[in-house]
Amino acid sequence: MEIIVEVIGELLFGFLEYINDHENVSKWIRYPILILCVLFIVGVLLGLIILGILLFKKDILAGIFVIAIALLLIFILLANCVKNK
């Protein structure tokens, strides 16, 4: 299962990197795809935070752990964006 997720992730991010780097891809194709991917990533991060809040009510340690993972992913994403500029 891990291999399948890794292959799909590599294909998706490789495709996004290709679209972002090459100017020969039309803006009408490039921008909506990038916006959809950003919305997907933001949705996953918000889902993790909501899951952490819901888990916090039942099990404090699990809730803190999930929220910490979400915040770590946000930090890594922002650090990667700042580094690439």
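Computed from a predicted structure; not experimentally measured.

Let's talk about helix 2 (residues 27–58)
Okay, so step 1: With 32 residues, helix 2 should reach 46 Å at 1.5 Å per residue; the first-to-last C-alpha distance of 47 Å fits that figure.
Okay, so step 2: With a side-chain oxygen lying 3.2 Å from the backbone nitrogen of Trp-28, the N-terminal cap of helix 2 falls on Ser-26.

A closer look at the layout of surface pockets
Okay, so step 1: When its volume is computed, the largest pocket comes out at roughly 1200 Å³.
Okay, so step 2: Within the residue set of the lining of the largest pocket, elements represented by two or more residues are helix 1 (2–21), helix 2 and helix 3 (60–84).
Okay, so step 3: Ranked by residue count, the leading element in the lining of the largest pocket is helix 2, at 10 residues.
Okay, so step 4: Tallied by class, residues from the lining of the largest pocket come to 21 nonpolar, four polar and three charged.

Thoughts on the confidence of the model for the protein chain
Okay, so step 1: Per-residue pLDDT for the protein chain has a mean of 83; in total, 96% of the residues score no lower than 70.
Okay, so step 2: Ranking the elements of the protein chain by mean pLDDT puts helix 1 last, at 77, and helix 2 first, at 87.

Describing a nonpolar patch on the surface
Okay, so step 1: Side chains of Tyr-31, Ile-35, Leu-36 and Leu-39 sit close together on the surface and give an oily, nonpolar patch of about 440 Å² of accessible area.
Okay, so step 2: Within the secondary structure layout, Leu-36 lies in helix 2.
Okay, so step 3: Owing to a relative accessible area of 58%, Leu-36 belongs among the exposed residues under this scheme.

Here's the deal with helix 1
Every α-helical turn comprises 3.6 residues, leaving residues that sit three or four positions apart pointing alike.
Okay, so step 1: For helix 1, spanning 20 residues, the distance from its first C-alpha to its last is 28 Å, which sits close to the expected 28 Å at 1.5 Å a residue.
Okay, so step 2: Regarding helix 1, the residues found buried are Gly-9, Leu-16 and Ile-19. End-on, the buried residues of helix 1 take up no more than an arc of 100°, which puts them together on one face. Turned more than 90 degrees from where helix 1 packs its buried face, Ile-3, Glu-10, Leu-11, Glu-17 and Asp-21 sit exposed.
Okay, so step 3: On its buried face, helix 1 sits against helix 2.

Things to note about the packing of helix 1 against helix 2
Okay, so step 1: Their axes nearest at 10 Å, the elements helix 1 and helix 2 cross at an angle of 140°. Judged by the angle between their axes, helix 1 and helix 2 are oblique. In this structure, helix 1 crosses over helix 2, and the sense of that crossing is left-handed. Contacts from Phe-15, Leu-16, Ile-19 and Asn-20 in helix 1 reach Arg-30, Ile-33, Leu-34 and Cys-37 in helix 2.
Okay, so step 2: The class makeup of the residues in the contact of helix 1 with helix 2 is six nonpolar, one polar and one charged.

Scoring rules and cut-offs
Residues numbered from 1 in each chain as written. Predicted model: local features only at pLDDT ≥ 70, side-chain atom pairs only at ≥ 80, totals over all residues. Heavy atoms only, no water. Helix = DSSP H or I, 4+ residues; strand = E, 2+ residues; numbered from the N terminus. Expected span 1.5 Å × (residues − 1). Polar contact = N/O pair within 3.5 Å; in protein donor to acceptor, adjacent residues only side chain to side chain. 1 Å grid on protein atoms, 1.4 Å probe; cavity = no way out; pocket = protein on both sides within 12 Å on 5 of 7 lines; lining within 4 Å. Points joined across faces, edges and corners; volume = space filled by probe spheres on them. Nonpolar A, V, L, I, M, F, W, Y, C, P; charged D, E, K, R; others polar. pLDDT = per-residue confidence, 0-100. Patch = residues over 30% accessible without salt bridge, like charges linked within 9 Å, V, L, I, M, F, W, Y side chains within 5 Å. Areas by Shrake-Rupley, 256 points an atom, 1.4 Å probe, with all protein chains shown as cover. Salt bridge = Lys/Arg side-chain N within 4 Å of Asp/Glu carboxyl O. Buried < 20%, exposed > 50% of the residue type's maximum accessible area, 1.4 Å probe, protein only. Arc of directions from axis to C-beta. Contact = heavy atoms within 4.5 Å. Axes fitted to C-alpha atoms, helices over the stretch in contact; angles between N-to-C directions. Parallel < 35°, antiparallel > 145°, perpendicular 65-115°, else oblique. Left-handed = near helix turned anticlockwise from the far one by under 90°.

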